[in-house]
Each structure stands twice: as C-alpha cells, then as structure tokens.
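Geometric and topological summary
Below are the chains, spelled out letter by letter.
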Amino acid sequence: MNLQTAALILSAVLHTVWGQSPVVSIRPRTAAVNLGETVSFHCRVTSGSQPVQLEWKRTNNQPLGDNVKLGPDGAVLTVANVRLSNQGSYRCIATNAQGKGMITASLTIRQPPKVRVTPPGPLSVRAGESVTLECSVTGKPRPSISWTKQGSETPLVSTTTDATVSLQVTVMSAEDTGIFVCRAQSTEGLAEGRVELRLEGGASADGSPQASVTKTDLTAVEGQRITMHCHATGSPTPVISWSKLRAPLPWQHKVNGGILTLNNVGRQDSGQYICNATSSKGSSEAYVQLEVDSPPYATTLTDEAVARPGDALRLQCLAHGTHPIRFHWTRVGGASMSTGAETTKDGLLKIAQLKVKDSGMYKCVATNHVGSSEALTKVTVRA
C-alpha cells in the first residue's frame with residue numbers, strides 16, 4: 001500500500017468519525033386523531049456531527065398552518081385543535097455541515113359518522129297519511145347509510161341525494177307505525193338516529209306502550225349531577241328501563257322508576273340515552289342526548305427557556321377542553337410585560353428582543369365557559 005492510498009483511506013475514516021450526516025427518528029410515525037384534538041410529533045437526532053439544525057415541512061409544500069407550533073429547539077411539532085387541512089405528511093429535516101437526514105410522519109383526521117334525523121319524533125300520523133323522514137349524515141370516509149324499522153334488519157327503500165337519505169312512510173294502520181332507525185357506518189364507527197311514528201288516536205285504543213321524556217337534549221359540566229325523566233303510558237302498565245346507545249350506563253348511576261340519575265358526570269358520559277317502555281303489548285323508546293362540557297387543562301410546550309439578550313422568545317400555551325378556549329399571558333409577581341411582547345388568540349407569546357429584565361416566571365391562563373386553568377414557564381435571560 002503506497003502513501004497516497006493510505007492517506008485516502010485515513011481521510012475516509014476520519015470523515016466517517018468526525019463528519020457524519022444526521023440520522024433522525026420520529027415518534028409516532030403515524031397518528032389518527034379526531035377534529036379538535038391536539039397531537040405532537042417528536043423528532044430526534046440519533047447520530048451525526050453537531051451542530052444539527054432541525055426544520056419541519058409539509059410534503060405537499062403547503063405551509064404548516066397557523067395552528068401548528070414548534071418547540072424551542074424545533075424537535076417537537078404540535079398541531080393544536082386539529083382541523084381537516086392539517087391532514088397529511090410532515091417531514092422532519094436535520095441539517096449539518098456534512099449533509100441532511102430526514103424522516104416523515106403521517107397525520108390522519110378521524111371523522112366518525114354523525115347522524116341527524118328530521119323531523120324529530122315522536123310523530124303522530126293519521127291513518128292514510130304519508131310522512132317523509134330525512135337522515136343527514138357527515139363523516140369520512142363516506143358512511144354507508146340505511147333506514148330500517150326497529151325489530152327488522154331489512155333495509156327499507158329510500159332516496160339518496162348528496163348526504164341526505166329520505167324515507168317515505170305511508171301509515172294505513174298501527175302495523176305501519178313504530179321506531180324507524182337511520183344507521184350510518186364507516187371504518188371510523190357507527191352512528192344511529194331514531195324517530196318514532198305513532199298512529200294518531202290509536203295508542204290508547206290498543207293499550208300499547210308509549211314512552212316520552214321531559215327533555216330530549218341536556219348539557220352538563222364535568223362533575224355535575226344530571227337527572228333524566230321518562231314517562232310511559234299503556235295498559236298493562238309498561239316497565240321502564242334505561243340504557244346508553246352502544247355503551248353501558250355510567251357506573252355512578254341510579255334508576256328509580258322512570259328517573260335516571262348520573263352522579264359526577266365526565267366527558268365520556270356524553271351520548272344518547274334510551275328510555276324503553278315494555279309490556280305484553282310491545283315496546284316504545286324515547287331518547288335523551290347528553291353533552292358534557294369540560295374546563296380547560298393548560299400546558300406549555302416548554303417548562304423552562306434560557307436565552308441571551310437580543311434573542312427572540314416564543315412561548316406556546318396549549319389547552320384541552322371544550323372550545324372555544326381563550327388564552328392570556330401574564331408575568332408572575334406583577335412585573336410588566338416587555339414593551340415588544342405580542343400574544344395571539346391561539347396562545348402564543350412572542351417577544352422580539354429579550355432583555356435581562358425579562359427574566360422571570362410567565363403564566364398562561366386558559367379559560368372557557370366552564371372554568372380556567374394555568375401553566376407556568378420559567379424564562380432566564382443571561383447576559
């Protein structure tokens with residue numbers, strides 16, 4: 001081996017040891033979230049010569065979006081209050097003097113089916129009359145939609161226009177009445193809407209059960225106690241029972257006749273509750289839709305920030321809870337904000353040029369119609 005060859009080999013070895021392009025990893029590689037949720041991707045440099053600079057780009061060359069925030073060192077990308085335009089791929093690019101390394105993460109927006117039936121029931125129809133029931137559905141991928149009559153799985157003949165499926169029912173006798181169910185199903189879930197048709201003047205004649213509720217829509221706040229009232233008529237006297245659509249009743253519940261009481265409700269208790277009245281003459285259902293709101297839970301992307309005079313500062317506050325959520329930044333201890341401080345409605349605090357006197361504890365307060373929550377970040381400006 002001559003000296004020239006040995007020198008080339010040594011140069012290659014030294015370049016490998018001291019001059020390596022970045023290698024990066026990302027977690028999670030894929031994420032699927034619902035609209036309005038928050039998700040973060042963490043990019044990490046596993047090897048490569050320092051210093052390494054990180055940046056994020058959309059693979060379709062679109063801007064990141066005003067609800068997409070980066071951590072102070074660029075390693076964490078957070079999408080707050082996810083919307084449809086955020087769906088797609090995000091690429092983390094690491095650059096040093098020797099080259100680039102990159103890796104891609106994918107964000108999918110879940111859109112489970114939602115169903116709205118009009119007109120809402122129960123509907124009283126005279127013999128010989130026709131009524132048109134409309135079922136409006138949203139969701140992605142597009143759900144399959146069908147109308148059935150409770151007690152039968154056979155789809156009824158309906159008319160489809162865009163996202164609305166219409167069912168025309170002609171009532172000639174009590175046999176034509178009952179509960180009609182619109183069912184929307186996709187890979188993201190199942191949703192059902194129901195409406196009851198009654199024969200006007202026929203219910204009391206044959207003694208069949210008829211269930212009704214005092215309120216069909218209820219809104220509560222986490223921790224509250226909620227009471228639902230169901231009434232039933234018929235002969236013999238119907239037996240009343242309660243259930244939750246596609247889910248068991250909350251464990252902290254009490255049933256006393258037609259009264260269902262839920263203690264200390266949480267967001268997971270939202271949904272449709274069904275009152276069922278049953279006798280030897282048949283059964284009847286009535287429905288209550290419950291929405292449980294929650295106060296915010298505030299966090300910041302970083303607990304501590306260290307900077308030098310003249311540096312720019314960006315502190316991002318995030319919050320989970322029922323929207324809309326408002327954000328407000330202050331300094332702990334009553335110190336005034338820097339004259340160049342700016343805040344945005346989505347919780348970002350920006351100071352263009354820091355001064356030593358800007359050191360201290362900063363507090364973000366997130367507030368909605370239910371309550372508020374706060375999070376702290378310590379800022380140190382070292383001369």
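Residues numbered from 1 in each chain as written. Predicted model: local features only at pLDDT ≥ 70, side-chain atom pairs only at ≥ 80, totals over all residues. Heavy atoms only, no water.

1. Let's talk about the overall build of the chain
Across its full length, the chain holds two helices and 31 strands. By the compact-globule yardstick of 21 Å for 383 residues, the chain is too spread out, its C-alpha radius of gyration being 30 Å. Over its C-alpha atoms, taken along the principal directions, the chain stretches across nearly 105 × 60 × 35 Å. For the chain, with 383 residues in total, the buried portion stands at 39%. For the chain, the share of sequence-separated contacts (at least 6 apart) that also reach a separation of at least 24 residues comes to 63%. Split by element, the accessible area of the chain, about 21000 Å² in all, is 51% carbon and sulfur. Separation of charge centres in the chain, based on 37 positive and 28 negative side chains, amounts to 9 Å. (Helix = DSSP H or I, 4+ residues; strand = E, 2+ residues; numbered from the N terminus. Rg over C-alpha atoms; globule rule 2.2 N^0.38 Å. Buried < 20%, exposed > 50% of the residue type's maximum accessible area, 1.4 Å probe, protein only. Contact = heavy atoms within 4.5 Å. Areas by Shrake-Rupley, 256 points an atom, 1.4 Å probe, with all protein chains shown as cover. Lys, Arg positive; Asp, Glu negative; His and termini not counted. Charge placed at Lys NZ, Arg CZ, Asp CG, Glu CD.)

2. What to know about the confidence of the model for the chain
Summarising the model, the chain shows a mean pLDDT of 86, and 93% of its residues fall at 70 or more. Taken as a whole, residues 6–17 scores under 50 in pLDDT and shows five contacts with residues more than four places along the chain or in a different chain. (pLDDT = per-residue confidence, 0-100.)

3. Quick look at the sheet that holds strand E11 (residues 144–149)
On the basis of which strands lie adjacent, the open sheet formed by four strands has the order E9-E15-E14-E11 and mixed pairing. Across the chains shown, the open sheet's two edge strands, defined by having one partner strand only, are strand E9 (123–125) and E11. Sheet twist, expressed as the mean angle between neighbouring strand axes with direction ignored, is 25°. As paired strands, strand E14 (residues 178–186) and strand E15 (residues 189–199) are joined by nine bridges and run antiparallel to one another. Within E15, the residue paired with Cys182 across the bridge is Gly193. (Pairing = 2+ DSSP bridges. Axes fitted to C-alpha atoms, helices over the stretch in contact; angles between N-to-C directions.)

4. Some thoughts on the sheet that holds strand E21 (residues 259–262)
Spatially, the four strands line up as an open sheet ordered E16-E18-E21-E20, and their pairing is antiparallel. Looking at which strands have only one partner, the edges of the open sheet turn out to be strand E16 (210–213) and strand E20 (253–256). When strand polarity is set aside, the average angle formed by the axes of neighbouring strands in this sheet is 20°. Alignment of E20 against E21, held across four bridges, turns out to be antiparallel. Paired with Asn256 across the two strands is Ile259, which belongs to E21.

5. Things to note about unusual backbone geometry
In this chain, Gln50 is followed by Pro51 through a cis amide linkage whose omega measures 0°. Take Pro51: it is sitting in the loop between strand E3 (39–47) and strand E4 (53–58). Omega for the peptide link from Lys140 to Pro141 comes to 0°, which places this bond in the cis form. The backbone of Asn61 shows a phi angle near 65°, a positive value even though the residue is not glycine. Position of Asn61 among the secondary structure elements: in the loop between E4 and strand E5 (68–70).

6. A word on the side chain of Gln111
Residue placement: Gln111 occurs in strand E8 (residues 99–118). When near neighbours in sequence (up to four residues on either side) are disregarded, Gln111 contacts Leu84, Gly139, Lys140 and Glu188.

7. With respect to the side chain of Asn86
Mapped onto the secondary structure, Asn86 falls in the loop between strand E6 (76–79) and strand E7 (88–96). Note on Asn86: relative accessible area 1%, which makes it buried. Here Asn67 takes part through its side chain, which lies 2.9 Å from a polar atom of the side chain of Asn86. Contacts of Asn86, omitting those with residues within four sequence positions, involve Arg58, Leu64, Asn67, Val68, Val79 and Leu107. (Polar contact = N/O pair within 3.5 Å; in protein donor to acceptor, adjacent residues only side chain to side chain.)

8. Section: the nonpolar core
Among the nonpolar cores identified, the biggest contains 21 residues, and Phe41, Trp56 and Leu107 are the most heavily contacted of them. Listed by contribution, the elements that provide at least two residues to this core are strand E1 (23–27), strand E2 (30–34), E3, E4, E6, E7 and E8. The element best represented in this core is E8, accounting for four residues. Leave out the neighbours within four places in its chain, and Phe41 touches Ile26, Arg27, Pro28, Ala31, Trp56, Ala75, Val76, Leu77, Ala105, Ser106 and Leu107. Trp242, Leu260, Ala286 and Val292 belong to the second-largest nonpolar core, a separate cluster that totals 19 residues. (Core = buried A, V, L, I, M, F, W, Y, C linked by side-chain atoms within 4.5 Å.)

9. Observations regarding the pairing of E15
Judged by how many residues are buried, E15 sits mostly within the fold: nine of eleven residues are covered. Two strands pair when backbone bridges link them, and E9 and E15 are joined in this way by three bridges, in the parallel orientation. In the sheet register, Ser124 faces E15, and the bridge partner there is Arg198. Here E14 hands over to E15 after two residues, the two strands then running antiparallel side by side.

10. What about the environment of Gly128?
Secondary-structure assignment places Gly128 in the loop between E9 and strand E10 (129–140). Gly128 sits in the partly exposed class, given a relative accessible area of 44%. Ignoring any residue separated from it by four or fewer positions in sequence, one finds Gly128 in contact with Val171 and Met172.

11. Quick notes on the state of the cysteines
Within the structure shown, the criterion is met by four disulfides. Disulfide pairing is shown between Cys135 and Cys182; the S-S distance is 1.9 Å. One quick way to see it: the torsion about the S-S bond of Cys135 and Cys182 is about -75°, and its sign makes the bridge left-handed. Linking Cys135 in strand E10 with Cys182 in strand E14, this pair joins segments that are 47 residues apart in sequence. Like Cys182, Cys135 is buried. Each bonded cysteine of the chain is numbered by sequence order, and under that numbering the disulfide pairs are 1-2, 3-4, 5-6, 7-8. (Disulfide = S-S within 2.5 Å.)

12. Quick notes on a nonpolar patch on the surface
Nonpolar side chains collect at one region of the surface, where Val332, Met361 and Leu376 lie side by side and expose about 230 Å² of accessible area between them. Residue placement: Met361 occurs in strand E30 (residues 360–367). (Patch = residues over 30% accessible without salt bridge, like charges linked within 9 Å, V, L, I, M, F, W, Y side chains within 5 Å. Salt bridge = Lys/Arg side-chain N within 4 Å of Asp/Glu carboxyl O.)

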